[in-house]
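Residue-level structural notes
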Amino acid sequence: MENRRCKILPTMLFMSLFILTSMFSPSLVIVESLITPSTSNGYVNEESVLETYIVLLKQPEGELFTESKDLESWYRSFLPADTLNSNQPRLLHCYRHVVTGFAAKLTADEAKAMEMREELLLARPQRMVPLHTTHTPSFLGLQQNLGFWKSSNYGVGVIIGVVDTGIAPDHPSFSGKGMPPPPAKWKGKCEFNATLCNNKLIGLRKFDATSNDMLDRDQHGTHTASTAAGSLVKGANLFGQANGTAIGMAPLAHLAMYKVSALDNKAGESEILAAMDAAIDDGVDVLSLSLGLGSHPFYDDAIATGAFAATQKGIFVSCSAGNKGPLYGTLSNEAPWILTVGASTVDREIRATVLLGNNKELNGESLIQPKHFTSSSLPLVYASCKNGSLKNVDVKGKIVFCEGGSETVSKGKEVKRNGGAAMIVMNYEYQGSVIVLDSEHHVLPASRVSYMVGSAIKAYINSTSSPTATILFKGTVTGVPAAPQVAWFSSRGPSIASPGILKPDIIGPGVNILAAYPVSDDHTTNRFGMISGTSMSCPHLSGIAALLKSAHPNWSPAAIKSAIMTTASLYNLAGKPIPEQRKYRPAIVFDIGAGHVNPSRASDPGLIYDLKPDDYVPYLCGLGYSDKHVGLIVKRKVKCSNDSSIPETQLNYPSFSIELGSTPQIYSRTITNVGKPNSVYSLHISSPKGVRVKVTPHRISFSRLNQKATYSVTFTRSGNARRSFAQGYLKWVADGYSVGSPIAVLFK
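Okay, so let's go over this structure. (Residues numbered from 1 in each chain as written. Predicted model: local features only at pLDDT ≥ 70, side-chain atom pairs only at ≥ 80, totals over all residues. Heavy atoms only, no water.)

We now examine the pairing of strand 32 (residues 708–717). The pairing of strand 28 (residues 665–673) with strand 32 spans 8 bridges and is antiparallel. Counterpart to Arg 669 in the pairing with strand 32 is Tyr 711. By the bridge criterion, 6 bridges tie strand 30 (residues 691–696) to strand 32 in an arrangement that is antiparallel. Residue pairing for strand 32: Arg 692 is matched across the bridge by Thr 716. (Pairing = 2+ DSSP bridges. Helix = DSSP H or I, 4+ residues; strand = E, 2+ residues; numbered from the N terminus.)

Structure below.
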């Protein structure tokens, strides 16, 4: 849903952006276990207790069991005779395709007695499988009945309004089972058919002029809504991969869908404003918008003005940053009262490993995992894979290596049409190491590889007269240590509309996200789809904001944003700085903002940088907006000459973004204690290269909750500033707390 047009950059930032682009542009993994222990040793030893046992068997020779009833009869023969007529069903599941065996309620003695049967391979108590959604709750540290999920009560009582392309109300992700009724304040309605709504999906309203229903024909709104607050759905997967339990970030929060059109992947501003207006009137607590226009002055930005009105009502607004990366200065939704969300990878891959003839294994990915692809090496050829390009090329029975990570399905059709056995597709250089699997439903065995891996395969092909390879399909793998990485498509800062505000604010999961889909993407009854984009990262943060709202109902939108930003992580699972994957270097603040969201820490941030709606008026005046333009945003008469106009960077924001010349600059911040009543915070500063940073005071003491304190920061250019850009970090540290603020400096 992102608008992908580039805007002409203002002159004041053009050179900085040019240099940023020149500086930074391109140019122990654990296989996911299907079963995990439910206790420390995984077993319960009480012999008399009935437990669910998994019984795996060796099929008798010559027995085909063509009829299901015959197979079930054989399975029942393993059960104790005195249980066959029991009132309590013992045989729970008869497996036919996945394994030969069954699940049954048994005691330990009964299971041991089965060892007398020679067909028995294994009988053991089942282990409890931990929840896996789009996998992101687990990746983000959210665990059922523990920690932040438990303390926030899973977002109960909070209403998330989603402005998007519609929804599939009958999807199990929107089941109202186990949901409490909506709060008494709710004034929304269910248009068209009241029976489509329930205690989960409490509102359906249409603002799309091109349709007369709530159907999600663009297959976007269903996905984003379920990511934010979908109910628990077991057995979610796509083509059998990423298998687990689908669940949204705030699974007990309520949802309301405000449908806008998506003709040519765009929605009208009038529809968006009407939808936001209705959401405010209905009483939502969080607004989630996975769409955007690019950079505009805030008074000329429908989403910015609508979001300010929401903020005035205490509604938190989360928006996608845009999909125009990896170019800098390409953000949408830059207003400081909006949480601007960039995209990152998760620690899951769907492996399709390339095994070269020199025995080197290079990891790639593929949603389609053939079960019987040859493990023997095949001839490997490098060829153009465009339509018609292989007509006179001998690729029969060979693996074809293709450059250019776009139109992969059409490339595969060309390879298959000409007799190719398999295909390897290499990312473009600007796509780096992040592999996007959206809609890559390959027509033949294939592996999508990163630019670096592709370069290594090319080098191998050129090093020998008879290159060979095969593809090893390893399925779903989790615990990838390089995660999170910044997605190549995620729009970057600096902000054009307001360079004094560092954007994006945060990054969150947005690559290969599995969530609810209005149709079956793999032609089964399992309606889940895998999509990538900042459209996917945005609802993750919307759901996390709902959890924070539930845990801290009196926090303002600015307080929630501050908690998310100041507790963000700067490191991946391997303990290294989050990488920007094109040049395999640490990401900069214009890539990641404050860092990667860390929900559990956000619930207890220690300090917050708070703002009231009226605090934005002097900021807007400081942008040089006319009284009329400022009044348009804040919906009241404003005279900037009578208000205390402030520089952009003086806004009480949880980060710093400055343009620094020869004159020192001084800014202040006010922090509020929401941690421990009696606490002392000490300053930890990592100064940007070429900048002297002086903070006064360097130690702040609090004696009560909600106590405020103010500090000032002086930035002075030093003689060793050799680049046009530098970054650093300012942290206030106390026992159990680290409150971080990134610093971005563009030298004039």
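Before going further, it helps to examine the sheet that holds strand 11 (residues 286–289). The 7 strands lie next to each other as 7-10-6-11-12-13-21, forming an open sheet whose pairing is parallel. With one partner strand each, in any of the chains shown, strand 7 (201–206) and strand 21 (506–509) form the two edges of the open sheet. Sheet twist, expressed as the mean angle between neighbouring strand axes with direction ignored, is 25°. Against the sheet, helix 11 (residues 534–551) makes contact with strand 6 (159–164), strand 11, strand 12 (316–320), strand 13 (339–344) and strand 21, and its axis sits at roughly 125° relative to strand 13, the strand it touches most. (Axes fitted to C-alpha atoms, helices over the stretch in contact; angles between N-to-C directions. Contact = heavy atoms within 4.5 Å.)

Following Ala 483, the chain continues to Pro 484 via a peptide bond in cis, the omega torsion being 0°. Its place among the elements puts Pro 484 in the loop between strand 20 (468–478) and strand 21. Going from Gly 493 to Pro 494, the amide bond is cis rather than trans, its omega being 5°. With respect to the helices and strands, the residue Pro 494 is situated in the loop between strand 20 and strand 21. In this model, His 523 sits at a positive phi of 60°, which is unusual for a non-glycine residue. Its place among the elements puts His 523 in the loop between strand 22 (513–516) and strand 23 (528–531). In this structure, Asn 706 takes a positive phi of about 65° despite not being glycine.

Attention shifts here to helix 10 (residues 451–463). Counting along an α-helix, one turn takes 3.6 residues, and residues three or four places apart therefore face a common direction. Here helix 10 is 13 residues long and its end C-alpha atoms lie 18 Å apart, about the 18 Å a rise of 1.5 Å per residue gives. Within helix 10, burial applies to Val 453, Gly 454, Ile 457, Tyr 460 and Ile 461. Down the axis of helix 10, the smallest arc covering the buried residues is 115°, so these residues share one side. What points out from helix 10, more than 90 degrees from its buried face, is the exposed set Asn 462 and Ser 463. (Expected span 1.5 Å × (residues − 1). Buried < 20%, exposed > 50% of the residue type's maximum accessible area, 1.4 Å probe, protein only. Arc of directions from axis to C-beta.)

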